[in-house]
Structures are given as C-alpha cells and as structure tokens.
Amino acid sequence: MEKNFLIAGFGGQGVLLAGEVLANAFMLMDKNVTWYPCYGAEMRGGTVNCEIVMSDDEVSSVNKAEADFIVVLNQASFDKFENKVKKGGYLIVNTTLAEEKRNRSDIEYIFAPIAQMAEDLGNVKMANMLALGLLSRASKLFSVDILEKALDNVLPPHRKNLLPMNKTAMEMGYKYDLLPINC
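These numbers come from a predicted model, not from an experiment. (Residues numbered from 1 in each chain as written. Predicted model: local features only at pLDDT ≥ 70, side-chain atom pairs only at ≥ 80, totals over all residues. Heavy atoms only, no water.)

### Quick look at the pattern of salt bridges
And then number 1: According to the stated counting rule, one finds 8 salt bridges in the structure shown.
And then number 2: Two residues, Asp56 and Lys31, come together in a salt bridge whose shortest N-O distance is 2.5 Å. Of this pair, Asp56 sits in the loop between strand 3 (47-55) and strand 4 (67-72) while Lys31 sits in the loop between helix 1 (15-28) and strand 2 (32-39); the two residues are 25 residues apart in sequence, bridging distant segments of the chain.
And then number 3: For Asp56, a relative accessible area of 37% translates into the label partly exposed.
And then number 4: In this structure, Glu100 engages Arg102 in a salt bridge whose closest nitrogen and oxygen atoms are separated by 3.5 Å. (Salt bridge = Lys/Arg side-chain N within 4 Å of Asp/Glu carboxyl O. Helix = DSSP H or I, 4+ residues; strand = E, 2+ residues; numbered from the N terminus. Buried < 20%, exposed > 50% of the residue type's maximum accessible area, 1.4 Å probe, protein only.)

Structure representation (structure tokens):
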C-alpha cells in the first residue's frame, strides 16, 4: 500500500515541520517514506509545501501527480492544490484562511478553522500540529501517539518545552468533529 500526502501553506506556518513529523511517524511504523519539501526564497510569508509518500514497499517516486490526502492552510494553497487530490481522496482546509468552497464532487472536503482553534489554544503556531491531528483522524493510517513520538524525535533540545502544547494541539485536531462533506 502506498499513500501520498501533501501539506501546503505559507512560510512561518510550520508546513515543513509538519511534513517532517509525519514522515518520521511513518518511519517509526516501519514504513518506507520520502519527504520532499518545496519552498521559495522568502524566509516567511512565501509559499511552501511538502510531499510525503508512505509505502509498505519501496517508494515509487516523489512529486506525484495526485495525492490521497492534502492539507491546505491558506487560500493560495487551496487554489493551487485542490485539483491534485486523487478521486476519493481528502482535502483538509483551514477555514480561518481559506474559503469553504466545494469545486469537486469526487473528493471529501474537511473544513476546520485550524488557525483559530490554535489561537484559542494559546498559540497560532500550533496550527500545523492541529492539522496533523485532523489528518490522523481522517486517514486512519497513524495515531496521535505515534505523531507525538515523531515530534519528540524531530524537535531540537531547545524546543522540547513546546512538546506539551503541541501534543494538546494534535489531540484537539484529532477530536475535532470532521464531518467530511462529499459534494
């Protein structure tokens, strides 16, 4: 089984960290995985995305034409990547920064005010981990527990103090009522 994931937003939203955590989670599950980041020259505010390919066998390639699961954290990412979702796949949308539009009838849409939920938690920078919690629940391919272990592996020592809040964000995302809407 091979599954393709894409996480997209703008610089500063923790897109690459979220992708690295997801890739590490799959490695902890003894899966074959690739993590392919793509970003502009800007430090913050530019577009950024990463693709994660997970497989029981060797990973066939990166930069796939379609993905099973796409998380978009802003409107520009929604506009750019909605058509890249495979038929029957999922598009998870941060409605704090993107409109609730259903342009396709062959995919599942999950709309959640991800950034607002993170802000309510106390730190809008937790939106990326909240999104991973949503993705965990939608995909049913990995648990929040494995994400938490992966985050612990990925965070540098001077950021370990952020683990509890990030774990809370993941759990909050996982518990969110998904209500996928198939148009």
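### Some remarks on the packing of aromatic side chains
The relation between two aromatic rings is expressed through the spacing of the ring centres and the mutual angle of the planes.
And then number 1: On inspection of all chains with the given rule, the structure shows 5 aromatic pairs.
And then number 2: Judged by centre distance (5.4 Å) and plane angle (40°), the ring pair of Phe5 and Phe26 falls under tilted. Taken as a pair, Phe5 in strand 1 (residues 2-10) and Phe26 in helix 1 lie far apart in primary sequence, 21 residues in all.
And then number 3: With relative accessibility at 0%, the residue Phe26 sits in the buried group.
And then number 4: Among the aromatic residues, ring-to-ring pairing joins Phe5, Phe26, Phe69, Tyr90 and Phe142 into one connected group. (Phe/Tyr/Trp six-rings, centres within 6.5 Å; stacked < 30°, edge-to-face > 60°.)

### Concerning the side chain of Asn166
And then number 1: For Asn166, the location among the structural elements is in helix 6 (residues 163-175).
And then number 2: In contact with Asn166, other than residues within four places in its own chain, are Met126, Met129 and Leu151. (Contact = heavy atoms within 4.5 Å.)

### Some details on the nonpolar core
And then number 1: By size, the foremost hydrophobic cluster in this structure holds 43 residues, and its most contacted members are Phe5, Leu22, Ile114, Leu132, Leu135 and Phe142.
And then number 2: For this core, the leading source of residues is helix 4 (residues 127-139), giving 8 residues.
And then number 3: Apart from residues lying up to four places away in sequence, Phe5 is in contact with Leu22, Phe26, Cys50, Glu51, Ile52, Met54, Ala67, Phe69, Leu135, Leu141 and Phe142.
And then number 4: Phe81, Val93, Ala98 and Phe111 belong to the second largest nonpolar core, which has 14 residues in total. (Core = buried A, V, L, I, M, F, W, Y, C linked by side-chain atoms within 4.5 Å.)

### Observations regarding helix 4
And then number 1: Relative to the 18 Å expected for 13 residues at 1.5 Å per residue, helix 4 spans 18 Å between its end C-alpha atoms, a close match to the ideal helical length.
And then number 2: Burial of helix 4 is extensive: 12 of the 13 residues sit out of reach of the surface.
And then number 3: Every buried residue belonging to helix 4 is among Ala127, Asn128, Met129, Leu130, Ala131, Leu132, Gly133, Leu134, Leu135, Ser136, Ala138 and Ser139, and all of these are buried.
And then number 4: Backbone geometry just after helix 4 places Lys140 at a positive phi near 60°. (Expected span 1.5 Å × (residues − 1).)

### Considering the environment of Val71
And then number 1: Note on placement: Val71 falls in strand 4.
And then number 2: On a C-alpha basis, the gap between Val71 and Leu132 in space is 8.7 Å, while along the polypeptide they are 61 residues apart.
And then number 3: Discounting chain neighbours no more than four positions away, the residues touching Val71 are Leu6, Ile7, Ala8, Ile92, Ala131 and Leu135.

### Quick notes on the pairing of strand 4
And then number 1: Taken across its 6 residues, strand 4 has 6 buried, putting it largely inside the fold.
And then number 2: Sheet topology note: the strand 1/strand 4 ladder contains 4 bridges and is parallel. Within strand 4, the residue paired with Ala8 across the bridge is Val72. (Pairing = 2+ DSSP bridges.)

### Observations regarding the state of the cysteines
And then number 1: Overall, the coordinates contain 0 disulfides when judged by the stated rule.
And then number 2: Here Cys38 is not cross-linked by a disulfide; its sulfur's nearest cysteine counterpart is in Cys50, at 9.8 Å.
And then number 3: For Cys50, a relative accessible area of 0% corresponds to the buried category. (Disulfide = S-S within 2.5 Å.)

### Considering helix 1
And then number 1: Here helix 1 is 14 residues long and its end C-alpha atoms lie 20 Å apart, about the 20 Å a rise of 1.5 Å per residue gives.
And then number 2: Residues Val15, Ala18, Gly19, Val21, Leu22, Ala23, Asn24, Ala25 and Phe26 constitute the buried set of helix 1.
And then number 3: Positive backbone phi, at 60°, marks Asp30, one or two positions downstream of helix 1.

Nothing here speaks to function; it is all geometry.
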